[in-house]
Amino acid sequence: MILCTRHKDLARIMAPGGRRCAFVPTMGALHEGHASLIRKAVAVARDRNLDDGCVVSIFVNPTQFNEQADFTRYPKTIEADLSLCEAAGASVVYAPGVEDVYPTDEGVEVPPLPAVATRPSLEDALRPGHFAGVCQVVKRLFDLVRPLAAVFGEKDWQQLQVIRAMTRDLRYPIDIIAGETIREQGGLAMSSRNVFLSPEDRQRALAISQALCESWSAKTPADAERLMRSELEKRDLAVEYAVVRHAESLEPAASGPHRALIAARMGSVRLIDNSEWRPA
Ligand code: AMP
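Here is a short report on the structure shown in this document. (Residues numbered from 1 in each chain as written. Predicted model: local features only at pLDDT ≥ 70, side-chain atom pairs only at ≥ 80, totals over all residues. Heavy atoms only, no water.)

## With respect to the sheet that holds strand E8 (residues 258-266)
Part 1: Ordered in space as E7-E8-E9, the 3 strands form an open sheet in which the pairing is antiparallel. Two strands lie at the open edges of the sheet, namely strand E7 (238-246) and strand E9 (269-277), each paired on one side alone. Across this sheet, the average inter-strand angle for adjacent strands is 10°, counted without regard to direction.
Part 2: Both E8 and E9 contribute to a ladder of 9 bridges, which runs antiparallel. Along E9, the bridge assignment pairs Met266 with Val269.
Part 3: Contacts from helix H10 (residues 221-234) reach E7, E8 and E9 within the one sheet, and its direction differs from that of E7 by about 160°. (Pairing = 2+ DSSP bridges. Helix = DSSP H or I, 4+ residues; strand = E, 2+ residues; numbered from the N terminus. Axes fitted to C-alpha atoms, helices over the stretch in contact; angles between N-to-C directions. Contact = heavy atoms within 4.5 Å.)

## Some points on the packing of helix H9 (residues 199-215) against H10
Part 1: H10 packs onto H9 with a crossing angle of 155° between their chain directions and a minimal axis gap of 8 Å. When the axis of H9 is compared with that of H10, the two are roughly antiparallel. Once H9 is placed against H10, the crossing between them reads as right-handed. Contacts from Ala207, Ile208, Gln210, Ala211, Leu212, Glu214 and Ser215 in H9 reach Ala224, Leu227, Met228, Glu231 and Leu232 in H10.
Part 2: Per-class residue counts for the contact of H9 with H10 are 8 nonpolar, 2 polar and 2 charged. (Parallel < 35°, antiparallel > 145°, perpendicular 65-115°, else oblique. Left-handed = near helix turned anticlockwise from the far one by under 90°. Nonpolar A, V, L, I, M, F, W, Y, C, P; charged D, E, K, R; others polar.)

## Structural notes on the site of the ligand
Part 1: By nearness alone, 17 residues border the ligand, and Met27, Gly153, Asp156, Ile182 and Met190 come closest of all.
Part 2: Within the backbone of Ile182, a nitrogen or oxygen atom sits 2.9 Å from a nitrogen atom of the ligand.
Part 3: Isolated, the ligand exposes 490 Å² of accessible area, and the fraction of that covered by the protein chains is 92%.
Part 4: When residues of the shell around the ligand are traced back to their parent elements, those giving at least two are strand E2 (22-26), helix H2 (32-47) and strand E5 (149-153).
Part 5: The greatest single-element share of the shell around the ligand, amounting to 3 residues, is contributed by H2.
Part 6: Residues belonging to the shell around the ligand are distributed by class as follows: 7 nonpolar, 7 polar and 3 charged. (Near = heavy atom within 4 Å. Polar contact = N/O pair within 3.5 Å; in protein donor to acceptor, adjacent residues only side chain to side chain. Areas by Shrake-Rupley, 256 points an atom, 1.4 Å probe, with all protein chains shown as cover.)

## Details of the sheet that holds E2
Part 1: As summarised here, the arrangement of the 6 strands in space is E1-E4-E3-E2-E5-E6, forming an open sheet in which the pairing is parallel. Each edge of the open sheet carries a strand with a single partner, namely strand E1 (2-4) and strand E6 (175-179). Averaged over all pairs of adjacent strands, the angle between strand axes in this sheet comes to 25°, irrespective of strand direction.
Part 2: With 3 bridges joining them, strand E3 (residues 54-58) and strand E4 (residues 92-94) adopt parallel strand pairing. Pairing of Ser57 across the sheet is with Tyr94, part of E4.
Part 3: Most of the contacts of H2 go to E2, to which it runs at about 165°, and overall it touches E2, E3, E5 and E6.
Part 4: In this fold helix H8 (residues 157-169) packs onto E5 and E6, with an angle of close to 170° to the strand it touches most, E6.

## A look at the nonpolar core
Part 1: Core analysis: the largest hydrophobic core is formed by 43 residues, its most contacted members being Val138, Phe142, Phe152 and Ile176.
Part 2: Elements with a minimum of two residues in this core: E4, helix H7 (130-145), E5, H8, E6, E7 and E8.
Part 3: Here this core gathers at least three residues from each of two domains, domain 1 (2-179) and domain 2 (192-275).
Part 4: Apart from residues lying up to four places away in sequence, Phe142 is in contact with Phe23, Pro147, Ala150, Phe152, Ile163, Met166, Thr167, Tyr172, Ile174 and Ile176. (Core = buried A, V, L, I, M, F, W, Y, C linked by side-chain atoms within 4.5 Å. Buried < 20%, exposed > 50% of the residue type's maximum accessible area, 1.4 Å probe, protein only. Domains from an automatic or database assignment.)

Next up, the structure:
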């Protein structure tokens, strides 16, 4: 496995013309959820005979944080991250500094935000500017890495839809592949931010995946939303949203496919999760 910290080095070691790798962008503090995406990208690269294999980026992108404190305290575990990437079969890790991604002498474009990014009451309403930062960094990384395919987690369901839409809008020839959410025992979705949870909060946070399970007994989206909210409030989680939307457009919709989506806060830690939803 090769480690690059500058995009010039990345360009030197990868196939000229690009499109010979499968890519997994991350912010580091890697866990089994990331490892499963990397293994998936390795399999894609093998099946499609991509000589450059799987490329993983590790970059805590400052432009997608809407709270400075969240950015500064974001966990950093680079040595363990590199071991995890190697064990999962990555060929290249690109772990740049801010200056390499956002050179001061070169403006880095923020692509137009797809409509799915700004649906009322979801991420953009609660984290203004977040998806503008995500689109900016993902487009930049796509331009530097030039993958044929890129794997994103279903854990960040709205982000997955935003990236799909952005890639389509930009007409980039990149296949966006979804990886399923990996959970801890008990159902809590793995997240780099789970390290900030106390043992008691970790127990209370189980209410999120339990609320998603509860929603499966509802006959309508409105009933599902009520059930989820009540399960979360029973355990004293501050609900930011608990909704059922169309799985792709993320608009309120009478007919499916549907997705149930939750964001809730426990003190300073914000957790998100989602699942498929069908009327019982
Ligand atoms: P992050 O490092 O949190 O920005 O996430 C990098 C990628 O890993 C994103 O595509 C996430 O959706 C994905 N990811 C995060 N947590 C999980 C998980 N528990 N299971 C699967 N994928 C995940």
